[in-house]
Amino acid sequence: MGRAVRNLFVAGCVVLWLIPLYLLVVNALTPAAEYAGKPEWTVQGFDLWQNVRTAWDVAGIGDSFRASLLYAVVCGLVAVLVAAMAAFAVVVLPIPRPAFWFWLIYSGTLFPLQMFLAPLFGLYADADLYDTRLGLMLVYAAWAVPFAFFLIRNQMTTLSPELTEAALIDGASFGRIFWRIHVPLMKAGLGAAFIFQFTAVWNDLLLGITLSRSPDVQPVMAALTTLNNAYSSTGPPVILAGALIVSVPTLLLFLVFRGLFLRGITASAR
Amino acid sequence: MTGTATPAHGATKPVRIRRRVPARTPHQAAKAGGGRLGGPLAALPWALPAFALVGVLLVYPFFRSVYGSFFEDNGFTSSFTGLDNYARLADDPIFGRSVLNTLMWVAGTLLLPVLAGLLIAVATHRMRFGGVAQLIIVLPFAISGAATAVLWNFMLTSDGAVNQMLRGVGLDGWTQTWLLEWPQNTLAMIVASTWQATGLNVVLFAIGLRAIPRETVEAAELDGASGWRMFRHITLPGLRAVTVVVVGMAIVNSLKAFDMIWILTKGGPSRSSETLALSMYRETFRLFHVGYGSAIALVLSVIVVASSWMYLRRQMPDTGTGKS
């Protein structure tokens, strides 16, 4: 009986997981004007591009999409570089009290975002950073550093110390050792960390709705939320089309770099 | 794809052992020859950018928030009130409901995605098309929380897809106004986040299953173990390490749950589905009770940090926290 039960169970799960995805696609395809007020279970026409265009232009997802792309790429890169340097200092270099530095930087991931919000809001209002792209980029970079640091540090401890020793004896400077030895050897790990932090920044909602307001500054998830609140005027097909567009970058990254993604997770899981 | 210096997958054991045997760490290696390069302070510039970003934008606001929780602050004026905000928490019925909802989230997101993940991973292990099934279940994990919430909002509204489905199979009595009444709004949202979160656990458990040595399984088969006994005595113990991680991540993530609730119910109706994460946001940014909001955030932080610290203590013995 084992095999049949197992197959049935897996098939049932797959169907359960596919139904929402199927509804998402089918209803995002439905022409907004013909939407009858109830979820459609069959394809009612192909109006995806029109719905996407409405969400993109009218609801302003497009502006936020570009802004979020900027945040995710720049902050992901900055965070990975800064975190790799810090990991290098803590793991390889003779910094005093490496455990203290580790916890200082890593503590950033432990606390819930809520703990930083109110003072950040005050800080940003005082420094004229509220509702600016620079302001969001700063906080996203800072927010992405701790976990990237955690991932990279874990991988760096697996590199053999003889490498550094040999380079030191040859008279290489720290900068040279970092760029010529550690960065090339850690390429996969750094890539995994970048993908992780890109996804985290891209998916952020809370910082976005707290620290920004204008459409061209707001990250894309905040724009999607705004669109969702305007439900009655635009209709579900447009909202679901919006949900589809904002999922494309992470979905693509996941499908293309599945190996790196999983390595990133397992590195943190060890 | 593995970096050249990383040990091969099979070599995880020796790495573990190295931690216990007093061998040289990379750190000590640099110490040996580091004197020529300017001593301990030469390493500081490398850590400084990270310290500056994290310090100014995360650590400082954290302590500012702790400090602010002792004040009655409406965004314009503030006055020191000591522990009043915390005393108010005890009497606030919304805070009580909020704690209850947070506990439901923790329990729900521990039970459902972890159990479902385990079952699906075991069922799809070494199965034909098992990889495809896993991929389908992982897909929602790649979608953001906000997009998932938007989709489930569409499913859970009163004339949404879930109620349609129930009517379709003749279970009219089961139809609900899912998001309008407590406790089913919280339960429905837990199910929605299970849909999203299970995939990650499936992947982690699948990695764990692949790490169980084939010989162990074969030896157990020779001894006549199969089905439940195999699962109980071979599979589960083999997955222990992964389970610790999965559970640890689930606890932290469920405590921080925000996107799903904010988009689906905004904590409503009449704040019935608020969790601590949401209560803080509403008190601070909607009601301008900044000090009170900070107090809630601190309570949440203490819970999150306490649980993740206990988890990390087991996970990372080499950072010096496990010993003392």
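Each value, and the rule that gives it
Residues numbered from 1 in each chain as written. Chains lettered and ligands numbered in written order. Predicted model: local features only at pLDDT ≥ 70, side-chain atom pairs only at ≥ 80, totals over all residues. Heavy atoms only, no water. Helix = DSSP H or I, 4+ residues; strand = E, 2+ residues; numbered from the N terminus. Areas by Shrake-Rupley, 256 points an atom, 1.4 Å probe, with all protein chains shown as cover. UniProt positions renumbered as here; feature names shortened; annotations may be inferred. Contact = heavy atoms within 4.5 Å. Buried area = accessible area lost by both parts, 1.4 Å probe. Salt bridge = Lys/Arg side-chain N within 4 Å of Asp/Glu carboxyl O. Polar contact = N/O pair within 3.5 Å; in protein donor to acceptor, adjacent residues only side chain to side chain. Nonpolar A, V, L, I, M, F, W, Y, C, P; charged D, E, K, R; others polar. pLDDT = per-residue confidence, 0-100.

A. Representation of the overall build of chain B in the model. When helices and strands are counted, chain B shows 15 helices and 2 strands. For chain B, the computed accessible surface area is about 15600 Å², with 66% contributed by carbon and sulfur atoms.

B. Structural context of the UniProt feature "transmembrane region" (unreviewed entry) in chain A. Mapped onto this numbering, the UniProt entry gives "transmembrane region" (unreviewed entry) at residues 7-29, 69-93, 100-122, 134-152, 188-211 and 238-261 of chain A. The span residues 238-261 of chain A shows a helical share of 96% and a strand share of 0%, and its end C-alpha atoms are spaced 30 Å apart.

C. Main features of the interface of chain A and chain B. Tallying the contact residues gives 111 residues for chain A and 107 residues for chain B. Between chain A and chain B, roughly 9600 Å² of surface is buried when both sides are summed, and carbon and sulfur atoms account for 77% of that area. Sorting the residues of chain A by area buried against chain B places W17(A), Q114(A) and M115(A) first, and these three jointly supply 8% of that buried surface. Where chain A packs against chain B, one counts 0 salt bridges. On inspection of chain A and its partner chain B, the count reaches 6 residue pairs in polar contact (both at pLDDT 80 or more). The residue inventory of the side of chain A that touches chain B, partitioned by class, reads 83 nonpolar, 20 polar and 8 charged.

D. Quick peek at the confidence of the model for chain B. Residues and elements named next belong to chain B. Of the residues in chain B, 84% have a pLDDT of 70 or more, and the chain-wide mean is 77. Taken as a whole, residues 1-24 scores under 50 in pLDDT and shows 23 contacts with residues more than four places along the chain or in a different chain. Throughout residues 319-324 the model reports pLDDT below 50, and contacts reaching past four residues in sequence, or to other chains, amount to 9 contacts. Per the prediction output, this complex has pTM 0.82; the corresponding ipTM is 0.84.

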